[in-house]
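In case you want the letters, here they are:
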There are 2 protein chains.
Amino acid sequence: MKIIIKNCSQCGSDRIDFAVPSGDNKKRYICKSCGFIHYQNPNIVSGSILEWNNKILLCKRAIEPRINCWTLPAGFLENEEPLETGAARECVEEANAYSDDMKIFSIYSLIHISQIYIMYYGTLRDGKHSPGLEESFDTKLYSKNEIPWDELAFPIITENLKLYYEKGKPTSPYTGIVDKVNNEYIITRNTV
Amino acid sequence: MKIIIKNCSQCGSDRIDFAVPSGDNKKRYICKSCGFIHYQNPNIVSGSILEWNNKILLCKRAIEPRINCWTLPAGFLENEEPLETGAARECVEEANAYSDDMKIFSIYSLIHISQIYIMYYGTLRDGKHSPGLEESFDTKLYSKNEIPWDELAFPIITENLKLYYEKGKPTSPYTGIVDKVNNEYIITRNTV
């Protein structure tokens with residue numbers, strides 16, 4: 001999460017400093033009135049690649065950002081929610097889709113937006129899916145040759161689909177980094 | 001992160017509602033003056049099991065919580081930081097320790113404190129370590145029989161050391177859940 005803090009969430013003061021707290025080595029938003037430090041850390045996104053008869057389930061986004069683009073079901077992990085539960089919940093919310101054999105697929109650090117993206121893979125239960133209310137306009141099973149590469153929502157979605165087709169199911173999860181430099185996405189796959 | 005929001009971080013108003021925003025299904029702190037929604041999501045902790053001559057590196061904590069207890073080097077991932085970099089940074093900050101072959105070891109969801117704990121394992125470079133300024137009182141290499149099980153800082157540290165000795169190095173990372181119910185820790189290992 002990266003948000004500019006203008007007022008203290010605890011005492012309401014607008015005397016906010018952006019400075020390195022004592023004993024720390026990174027700038028934080030510090031309240032000069034009550035001393036409260038507003039820490040900000042990366043968020044986790046979890047989701048899934050669900051397969052049925054050699055086709056992969058994609059969702060057409062009904063919300064910004066990237067409305068109308070196609071994505072794998074994925075979203076922010078919630079407080080008090082296990083990772084696997086978050087990934088499964090997103091499949092239901094976005095595509096009314098379930099899986100009984102989800103395993104970890106990839107872990108990527110999206111450093112330009114401070115997100116850790118953890119994807120699973122599994123079989124779509126009974127091949128059933130439909131657009132999730134509010135979140136998706138459409139859901140569809142795509143074969144490899146039908147994937148709408150030019151209409152995918154985010155570079156990390158493209159990367160996960162490429163990994164799936166190029167490398168198949170992993171023994172240990174694929175890992176890597178996505179960054180954005182001079183408005184261009186740089187994707188680095190870890191080799192270790 | 002779980003913090004009670006008393007004032008809006010954007011407009012300073014103390015008219016804060018804890019309610020489900022429109023189109024959402026979870027309670028958030030919403031500012032009734034400017035409408036800003038204060039989302040809160042799990043934090044990521046990353047760290048490492050570093051080995052040298054069949055001994056594991058532990059650090060004696062110099063900071064609360066659990067000051068004076070022994071821990072594996074680990075800490076909160078920072079914004080714009082790749083996961084592996086965070087784990088390596090914590091080894092340096094807490095134990096002036098480096099590794100050249102870190103691989104993923106475990107991913108646990110600590111749901112009672114909304115943390116996702118991602119641990120790596122590797123060889124301690126040259127066997128060198130020393131207490132990190134501010135963070136550790138002491139660092140020490142422990143053999144299996146010497147591990148101070150009763151003086152470990154957190155249940156997730158105990159769990160990772162147990163996994164390492166009981167199951168060895170993983171093909172795919174070990175995963176599981178830690179929860180706290182009626183003041184007792186419940187640890188569940190995933191089997192899939």
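The rules behind the values
Residues numbered from 1 in each chain as written. Chains lettered and ligands numbered in written order. Predicted model: local features only at pLDDT ≥ 70, side-chain atom pairs only at ≥ 80, totals over all residues. Heavy atoms only, no water. Least-squares fit on C-alpha atoms with pLDDT ≥ 70 in both. Contact = heavy atoms within 4.5 Å. Salt bridge = Lys/Arg side-chain N within 4 Å of Asp/Glu carboxyl O. Helix = DSSP H or I, 4+ residues; strand = E, 2+ residues; numbered from the N terminus. Buried < 20%, exposed > 50% of the residue type's maximum accessible area, 1.4 Å probe, protein only. Pairing = 2+ DSSP bridges. Buried area = accessible area lost by both parts, 1.4 Å probe. Polar contact = N/O pair within 3.5 Å; in protein donor to acceptor, adjacent residues only side chain to side chain. Nonpolar A, V, L, I, M, F, W, Y, C, P; charged D, E, K, R; others polar. Core = buried A, V, L, I, M, F, W, Y, C linked by side-chain atoms within 4.5 Å. 1 Å grid on protein atoms, 1.4 Å probe; cavity = no way out; pocket = protein on both sides within 12 Å on 5 of 7 lines; lining within 4 Å. Points joined across faces, edges and corners; volume = space filled by probe spheres on them.

## A closer look at the relation of the copies chain A and chain B
Once chain A has been moved 0.0 Å along the axis and rotated by 180°, it coincides with chain B to within an RMSD of 0.0 Å. In the structure described here, the two chain copies are related by an operation that fits a two-fold rotation axis. For chain A, the residue whose C-alpha comes nearest the rotation axis is Ser172(A), separated from it by 2.1 Å. A symmetric contact is evident, with 100% of the interface residues of chain A recurring at the interface of chain B.

## A look at the pattern of salt bridges
One pass over the full model with this rule turns up 18 salt bridges over all chains. When the shortest N-O distance is used, the salt bridge between Glu93(A) and Arg89(A) registers 3.3 Å. Taken together, the residues Glu93(A) and Arg89(A), both in helix α1 (residues 83–95) and four residues apart, mark about one turn of the helix. The buried category is assigned to Glu93(A), whose relative accessible area is 18%. In this structure, the salt-bridge partner of Arg189(B) is Glu159(B), at a minimum N-O distance of 2.8 Å. Of this pair, Arg189(B) sits in strand β12 (residues 184–189) while Glu159(B) is found in helix α2 (residues 155–167), placing the two residues 30 residues apart along the sequence. Assessed through its relative accessible area of 4%, Glu159(B) is described here as buried. Sharing partners across several salt bridges, the network here consists of Glu81(A), Arg89(A), Glu90(A) and Glu93(A).

## Some thoughts on the sheet that holds strand β3 (residues 37–38) of chain A
All names here are of chain A. The three strands are arranged β1-β2-β3 in an open sheet whose pairing can be described as antiparallel. The open sheet has two free edges, formed respectively by β1 (16–19) and β3, since each of these has just one partner strand. Of the pairings in the sheet, the one linking β1 to strand β2 (residues 28–31) comprises four bridges and is antiparallel in character. Directly across from Asp 17, in β2, lies its bridge partner Ile 30.

## Some words on the interface of chain A and chain B
Each partner contributes residues to the interface: chain A has 50 residues there, and chain B has 50 residues. Summing both partners gives a buried area of about 4100 Å² for chain A against chain B, and 52% of it is carried by carbon and sulfur. For the chain A face of the interface with chain B, the top three residues by lost area are Glu78(A), Asn79(A) and Glu80(A), together amounting to 15%. Summed over the shared surface of chain A and chain B, the number is four salt bridges. As a salt-bridge pair, Glu80(B) and Lys2(A) come within 2.5 Å of each other at their nearest N and O atoms. Inspection of the region where chain A meets chain B yields 26 residue pairs in polar contact (both at pLDDT 80 or more). Among the elements of the structure, β4 (43–52), α1, β8 (103–110), β9 (115–123) and β11 (174–181) of chain A are those that each provide at least two residues to the side of chain A that touches chain B. Per-element tally for the side of chain A that touches chain B: the top contributor is β8(A), with four residues. Taken together, the residues of the side of chain A that touches chain B break down into 23 nonpolar, 16 polar and eleven charged.

## Details of the nonpolar core
Leu83(A), Ile107(A), Ile118(A), Leu83(B), Ile107(B) and Ile118(B) are the most contacted members of the largest nonpolar core, which totals 36 residues. For Leu83(B), the residues in contact, after removing those within four places along its chain, are Ile107(A), Ser109(A), Ile116(A), Ile44(B), Ser46(B), Leu77(B), Ile118(B) and Tyr120(B).

## Description of empty space enclosed by the protein
Rolled over the atoms, a probe sized like a water molecule indicates the empty space that remains. Inspection of the entire model under this criterion finds two cavities of 30 Å³ or more. Looking at the largest cavity, it is lined by 17 residues, and the ones nearest its centre are Met1(A), Ile5(A), His38(A), Met1(B) and Ile5(B). Looking at side-chain class alone, the lining of the largest cavity contains eleven nonpolar, six polar and no charged residues. A volume near 50 Å³ is recorded for the second largest cavity. Lining the second largest cavity, in full, are Met1(A), Tyr39(A), Gln40(A), Asn41(A), Pro42(A), Asn43(A), Met1(B), Asn41(B), Pro42(B) and Asn43(B). The residue makeup of the lining of the second largest cavity, split by class, is five nonpolar, five polar and no charged.

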